[in-house]
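# Coordinate inspection notes
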Amino acid sequence: MDKMAKSTLQDVIAKFLFPVVMAFFMALFMTAMVTFINLGLPPDYLYHWMKAFVIAWPLASCVAYLAVPIARRITAAITAVLTAA
């Protein structure tokens with residue numbers, strides 16, 4: 001595989017992997033916080049947290065695929081306004 005094809009393959013993989021990885025960390029943190037806010041720290045906190053996380057991560061990944069292009073367009077628009085001076 002030549003260098004150009006390898007770079008392109010890496011870009012394609014990264015394009016699909018990035019939202020899943022970002023959703024992982026966002027869902028992990030958010031479910032931990034919301035579970036803590038709702039339950040405090042009961043003995044079965046980890047069970048409830050992981051139960052929420054297992055549901056939230058796939059949903060967050062799907063939403064990320066939809067949100068990333070929108071967020072890029074919004075970011076580009078804001079950047080254009082801020083640098084138009």
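Bear in mind that the values here come from a model prediction, so they are computed numbers and not experimental data.

Among the secondary structure elements, Tyr65 is positioned in helix H2 (residues 45-82). The class for Tyr65 is partly exposed, based on a relative accessible area of 34%. Here the alpha-carbon distance between Tyr65 and Ile55, two residues ten residues apart in the chain, equals 17 Å. Once residues within four sequence positions are removed from consideration, Tyr65 is found in contact with Phe16, Pro19 and Val20.

Position of Thr31 among the secondary structure elements: in helix H1 (residues 3-39). A relative accessible area of 9% means that Thr31 is categorised as buried. Here Thr31 is in contact with Trp49, Ala52, Phe53 and Ala56, once residues within four sequence places are set aside.

Conventions and cut-offs
- Residues numbered from 1 in each chain as written.
- Predicted model: local features only at pLDDT ≥ 70, side-chain atom pairs only at ≥ 80, totals over all residues.
- Heavy atoms only, no water.
- Helix = DSSP H or I, 4+ residues; strand = E, 2+ residues; numbered from the N terminus.
- Buried < 20%, exposed > 50% of the residue type's maximum accessible area, 1.4 Å probe, protein only.
- Contact = heavy atoms within 4.5 Å.

Fair warning: the whole summary comes from geometry, so function is off the table for now.
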